[in-house]
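Below are the chains, spelled out letter by letter.
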Amino acid sequence: MHYQAIKLNEEFSKLNDLWSPQLIGEMNDYQFKIVKIAGDFEWHVHEETDKLFFVLEGKMIIDFRDGQVKIAKGEMYIVPKGVEIKPSAEKECHIMLMEPGSEVNTGGTKSE
């Protein structure tokens, strides 16, 4: 077995594209992914699973059809399954996602 800590700063330095999550670890049936975001993403919903957003650097907003949540560095938010969301960030933001390995990045995309 190879014992080595995952260095998040090193992993983020390898990311070039925005909105393109990269797998950094797995635990049971769950995957940990990191992603750089900026600007607006599309409205979408994860019908089958909750999704965790953990902000490691910067600030992000998750819009809902009836409100929004602002998440800053060191904060996290769990979106319940079946809730339509539109993530965004004014400036580049680094986040970690945790979701089942079977989940597709945008879940079932819905048009506005």
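Report on the accompanying structure. (Residues numbered from 1 in each chain as written. Predicted model: local features only at pLDDT ≥ 70, side-chain atom pairs only at ≥ 80, totals over all residues. Heavy atoms only, no water.)

## Section: the overall build of the protein chain
Moving on, step 1. On a plain count of helices and strands, the protein chain comes out with 1 helix and 9 strands.
Moving on, step 2. Taking 2.2 N^0.38 as the reference for a compact globule, 112 residues should give roughly 13 Å; the C-alpha atoms of the protein chain span a radius of gyration of 14 Å, in line with that estimate.
Moving on, step 3. Overall, the protein chain is about 45 × 30 × 25 Å in size when its C-alpha atoms are taken along their principal axes.
Moving on, step 4. Here the analysis covers contacts within the protein chain between residues at least 6 apart in sequence; of these, 65% occur between residues at least 24 apart.
Moving on, step 5. Within the structure as shown, the protein chain displays about 7100 Å² of accessible surface, and the carbon and sulfur contribution to it stands at 48%.
Moving on, step 6. Here the protein chain holds 13 positive side-chain charges and 20 negative ones, and the gap between their average locations is 5 Å. (Helix = DSSP H or I, 4+ residues; strand = E, 2+ residues; numbered from the N terminus. Rg over C-alpha atoms; globule rule 2.2 N^0.38 Å. Contact = heavy atoms within 4.5 Å. Areas by Shrake-Rupley, 256 points an atom, 1.4 Å probe, with all protein chains shown as cover. Lys, Arg positive; Asp, Glu negative; His and termini not counted. Charge placed at Lys NZ, Arg CZ, Asp CG, Glu CD.)

## So, unusual backbone geometry
Moving on, step 1. Not every positive phi belongs to a glycine, and W19 is a case in point at roughly 60°.
Moving on, step 2. Note on placement: W19 falls in the loop between α1 (8–13) and β1 (22–27).
Moving on, step 3. A positive phi angle, close to 55°, is found at N28, a residue other than glycine.
Moving on, step 4. With respect to the element layout, N28 can be found in the loop between β1 and β2 (30–40).
Moving on, step 5. Looking at N28, the relative accessible area reads 73%, which means it is exposed. (Buried < 20%, exposed > 50% of the residue type's maximum accessible area, 1.4 Å probe, protein only.)

## A look at the pattern of salt bridges
Moving on, step 1. Across all of its chains, the model carries 6 salt bridges by this definition.
Moving on, step 2. The salt bridge involving K86 is made with D40; its shortest N-O contact spans 4.0 Å. With K86 in strand β8 (residues 84–100) and D40 in strand β2, this pair connects stretches of sequence that are 46 residues apart.
Moving on, step 3. For E57, the salt bridge is made with K73, and the minimal N-O distance between the two is 3.6 Å. Of this pair, E57 sits in strand β4 (residues 51–57) while K73 sits in the loop between β6 (67–72) and β7 (76–79); the two residues are 16 residues apart in sequence, bridging distant segments of the chain.
Moving on, step 4. Through salt bridges with shared partners, one network takes in K33, K51 and E99. (Salt bridge = Lys/Arg side-chain N within 4 Å of Asp/Glu carboxyl O.)

## Things to note about the side chain of K51
Moving on, step 1. If you trace the backbone, K51 turns up in strand β4.
Moving on, step 2. Among the polar contacts listed, one links the side chain of K51 to the side chain of E99, at a separation of 2.8 Å. (Polar contact = N/O pair within 3.5 Å; in protein donor to acceptor, adjacent residues only side chain to side chain.)

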